[in-house]
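Summary of the model geometry
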Amino acid sequence: CYPEKHQDAPNVKSDLNFLKRKVEAGAEFLTTQMFFDNSKYFDFLDKCKAAEINVPIIPGIKPITKKNQLYLLPKIFNTDIPFELSNEIEKAKTDDQVKQIGIEWCVEQCKELKAKGAPVLHFYTMGFAETTRAIAKEVF
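Description of the structure in this document.

Conventions we followed
Residues numbered from 1 in each chain as written. Predicted model: local features only at pLDDT ≥ 70, side-chain atom pairs only at ≥ 80, totals over all residues. Heavy atoms only, no water. Salt bridge = Lys/Arg side-chain N within 4 Å of Asp/Glu carboxyl O. Helix = DSSP H or I, 4+ residues; strand = E, 2+ residues; numbered from the N terminus. Buried < 20%, exposed > 50% of the residue type's maximum accessible area, 1.4 Å probe, protein only. Pairing = 2+ DSSP bridges. Right-handed = clockwise from strand over helix to strand, strands pointing away. Axes fitted to C-alpha atoms, helices over the stretch in contact; angles between N-to-C directions. Parallel < 35°, antiparallel > 145°, perpendicular 65-115°, else oblique. Left-handed = near helix turned anticlockwise from the far one by under 90°. Contact = heavy atoms within 4.5 Å.

With that out of the way, let us pick up the pattern of salt bridges. Taken as a whole and judged by the stated rule, the model has six salt bridges. Glu52 is the salt-bridge partner of Lys20, the closest N and O atoms lying 3.7 Å from each other. Residue Lys20 is located in helix α1 (residues 12-24), and its partner Glu52 is located in the loop between α2 (38-50) and β2 (57-61); the two are separated by 32 residues in the primary sequence. Judged by its relative accessible area of 57%, Glu52 falls in the exposed class. Between Glu130 and Lys99 there is a salt bridge; the shortest N-O distance is 3.6 Å. Note that Glu130 is positioned in helix α6 (residues 129-139) and Lys99 in helix α5 (residues 95-115), a separation of 31 residues in sequence. Overall, the relative accessible area of 39% leaves Glu130 in the partly exposed class.

Below, the discussion takes up the pairing of strand β1 (residues 30-34). Burial of β1 is extensive: four of the five residues sit out of reach of the surface. Sheet analysis places β1 next to β2, joined by three bridges and oriented parallel. Bridge pairing links Thr31 to Ile58 in β2. For the segment spanning β1, α2 and β2, crossover handedness is right-handed.

With that settled, the discussion passes to the packing of α2 against α5. Two elements in contact, α2 and α5, have axes separated by 10 Å at closest approach and are oriented at 25°. Considering their axes alone, α2 and α5 lie roughly parallel with respect to each other. Read as a crossing pair, α2 and α5 show a hand that is right-handed. Contacts from Asn38, Tyr41 and Phe42 of α2 reach α5 at Gln109, Glu112 and Leu113.

Read across the open sheet, the three strands follow the order β1-β2-β3; overall the sheet is parallel. Each edge of the sheet is formed by a strand with only one pairing partner; in this case those strands are β1 and β3 (122-123).

Keep in mind these numbers describe shape, not what the thing actually does.
Right, here's the structure in full:
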């Protein structure tokens, strides 16, 4: 499911209607596409509740590990990157610095999601399991 709307959906309401059909067809839980702004996830939960979508919605988390992801991820996955995060990444001189910024952002993101009742967390590792491991050590 897509907290920021599927790129092919004409609008948020139609995207939610399609999602509700998935649940009515038997989906027992939903996993979101990656997002970097927790407020988008929480707003999405409210919209799902209003649409009577009442299954667990698992947040999908992706740590940024390379500077080029700052431009690729929004284009490919139709997601916004908060200015605070993009600004810090822009200042980074190396991919190691970008990775550290991504880890720190995700740690805080995960802590807030857990504190506010996310059922579990799903990590999009995309070949960077060690980054996810570093986040998990700080969060769990």
